[in-house]
Amino acid sequence: MPLLEVRSLVKQFPVSTGLFSRRWAQAVDHVDLTVNAGETIGVVGESGCGKTTLVRCLLRIIEPTSGQVIFEGDDLLGLDQPSLRAKRRDMAIVYQNPYLSLSPRLAVRDLIGEPLLTHTSLRGRALIDRVVENLEAVGLSADHLNKRARELSGGQAQRVAIARALALRPKLIVLDEPTSALDVSVQAQVLNLLVKLRAEFGLTYLFISHNLDVVQHLADRIAVMYLGRIVEFGEAEKLFRRAHHPYTMALLASTPEPDPDIKESSVALEGSVPSLLAPPSGCHFHPRCPWAQDRCRAESPALRVEEGRLARCHFLVERLPALKN
Ligand code: SF4
């Protein structure tokens, strides 16, 4: 049984378009996803593709419109608040910017101690010992206990955010662009730390990023999202070696150091992600796709398996032999 199974998840937002009118933006559009225990799943796509909305729906930070989120056999969307709170012990999230996600009023001891106070019986010396244990796990020490986030460097503050997420020894940690607000020199250190913690605590990660390069270091499988839909999903190593969907190819080509083998079949990404309020007809990617044909404008492609990879494109069967060469 997967640790987490997402079934046909939908999230629509009402958007006011005038004094008495509104329209619906579909930020997550019937997403299916499985995450096995111990696995790292990368979810990638440009800003506005729906990846952050997806993970917030999974944790019920915002309420999905429909679908199912099965975590360890229970549908989180059907749980009442006390049951959901109990389940949340096993799930944590690390946000992009630690200076925004960590309360500026609280010292590090309280930032990490808060979830322990709420969910465990640890108090006094035992509580502080556990906080220090968490700090040491992320490469900090008791010297940081009384500091506030603003007194820490970006890398240190993100380590505190990770220690807080780790405090209750969750099974699943959602990493929402955890390195994109950090200096390049610090990014690699934080990624290495995440690799170490995964092995040490048997963690499962759902890693959200706009940058395929960053996800490559950790992910076992990668889901590529475009305008609320998954357009490609498969093993990371194979996806990097040979993308199937033209949007994935374009993302790979736009990474700072694209693999020279991939460049052969690369697709230049022009324009920006269309508005969720007026998604293109048929295949949402058609205005930017170099392969687009009339059928793409009229008919939405299904996500289907070709060569062990899920991809959403009408012309995959015709294109795949050419991509091999
Ligand atoms: Fe491009 Fe058409 Fe495939 Fe969409 S369905 S990715 S527009 S070729």
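Our subject is the structure that appears above.
Residues numbered from 1 in each chain as written. Predicted model: local features only at pLDDT ≥ 70, side-chain atom pairs only at ≥ 80, totals over all residues. Heavy atoms only, no water.

### A short note on the overall build of the protein
- For the protein, the helix and strand inventory stands at 13 helices and twelve strands.
- By the compact-globule yardstick of 20 Å for 325 residues, the protein fits well, its C-alpha radius of gyration being 21 Å.
- Based on the C-alpha atoms only, the size of the protein along its principal axes is roughly 70 × 50 × 40 Å.
- Counting across all 325 residues of the protein, residues that qualify as buried make up 50%.
- Across the protein, every contact between residues at least 6 apart in sequence was considered, and the portion connecting residues at least 24 apart equals 62%.
- Summed over all atoms, the accessible surface of the protein reaches about 14900 Å², with 49% contributed by carbon and sulfur.
- Across the protein, the 39 positively charged side chains and the 37 negatively charged ones have centroids separated by 5 Å. (Helix = DSSP H or I, 4+ residues; strand = E, 2+ residues; numbered from the N terminus. Rg over C-alpha atoms; globule rule 2.2 N^0.38 Å. Buried < 20%, exposed > 50% of the residue type's maximum accessible area, 1.4 Å probe, protein only. Contact = heavy atoms within 4.5 Å. Areas by Shrake-Rupley, 256 points an atom, 1.4 Å probe, with all protein chains shown as cover. Lys, Arg positive; Asp, Glu negative; His and termini not counted. Charge placed at Lys NZ, Arg CZ, Asp CG, Glu CD.)

### Focus on the layout of surface pockets
- The computed volume of the largest pocket comes to approximately 660 Å³.
- For the lining of the largest pocket, the secondary structure elements donating two or more residues are helix H2 (81-87), strand E6 (91-94), helix H4 (108-119) and helix H6 (154-166).
- Top contributing element to the lining of the largest pocket by residue count: H4, with five residues.
- Considering only residue class, the lining of the largest pocket consists of 15 nonpolar, five polar and five charged. (1 Å grid on protein atoms, 1.4 Å probe; cavity = no way out; pocket = protein on both sides within 12 Å on 5 of 7 lines; lining within 4 Å. Points joined across faces, edges and corners; volume = space filled by probe spheres on them. Nonpolar A, V, L, I, M, F, W, Y, C, P; charged D, E, K, R; others polar.)

### Some words on helix H1 (residues 51-58)
- Counting buried positions along H1 gives six out of eight residues, so the element sits mostly inside the fold.
- Those residues of H1 not exposed but buried are Lys51, Thr53, Leu54, Val55, Cys57 and Leu58.
- Count one or two residues on from H1 and you reach Arg60, which has phi positive near 60°.

### With respect to the pairing of strand E8 (residues 204-209)
- Burial analysis of E8 places six of its six residues in the buried class, which makes it a mostly covered element.
- Where strand E3 (residues 40-44) and E8 come together, five bridges link them in parallel fashion. Its bridge partner lying in E8, Ile41 is registered against Leu206.
- With five bridges joining them, strand E7 (residues 172-176) and E8 adopt parallel strand pairing. (Pairing = 2+ DSSP bridges.)

### Observations concerning unusual backbone geometry
- Positive phi is not limited to glycine here, since Glu72 has a value of about 50°.
- One can find Glu72 in the loop between strand E4 (66-71) and strand E5 (74-75).
- We classify Glu72 as partly exposed; its relative accessible area is 27%.
- Look at Arg169: it is not a glycine, yet its phi comes out positive at around 55°.
- In this fold, Arg169 is placed in the loop between H6 and E7.
- Given the relative accessible area of 27%, Arg169 is considered partly exposed.

### As for the site of the ligand
- Every residue near the ligand is listed here: His245, Pro246, Cys283, His286, Cys289, Trp291, Cys296, Pro301, Cys313, His314 and Phe315.
- Taken together, the residues of the shell around the ligand break down into eight nonpolar, three polar and no charged. (Near = heavy atom within 4 Å.)

### Some words on the sheet that holds strand E10 (residues 229-235)
- Ordered in space as E6-E7-E8-E3-E9-E10-E12-E11, the eight strands form an open sheet in which the pairing is mixed. Either end of the sheet is taken by a strand with one partner, and the two such strands are E6 and strand E11 (304-306). Each neighbouring strand pair of the sheet contributes to a mean axis angle of 20°, computed without reference to strand direction.
- Running over the sheet, H1 touches E3, E6, E7, E8 and strand E9 (221-226) and is turned about 150° from E8.
- Strands E3, E7 and E8 of the sheet are contacted by helix H7 (residues 184-201), whose axis makes an angle of about 160° with E8. (Axes fitted to C-alpha atoms, helices over the stretch in contact; angles between N-to-C directions.)

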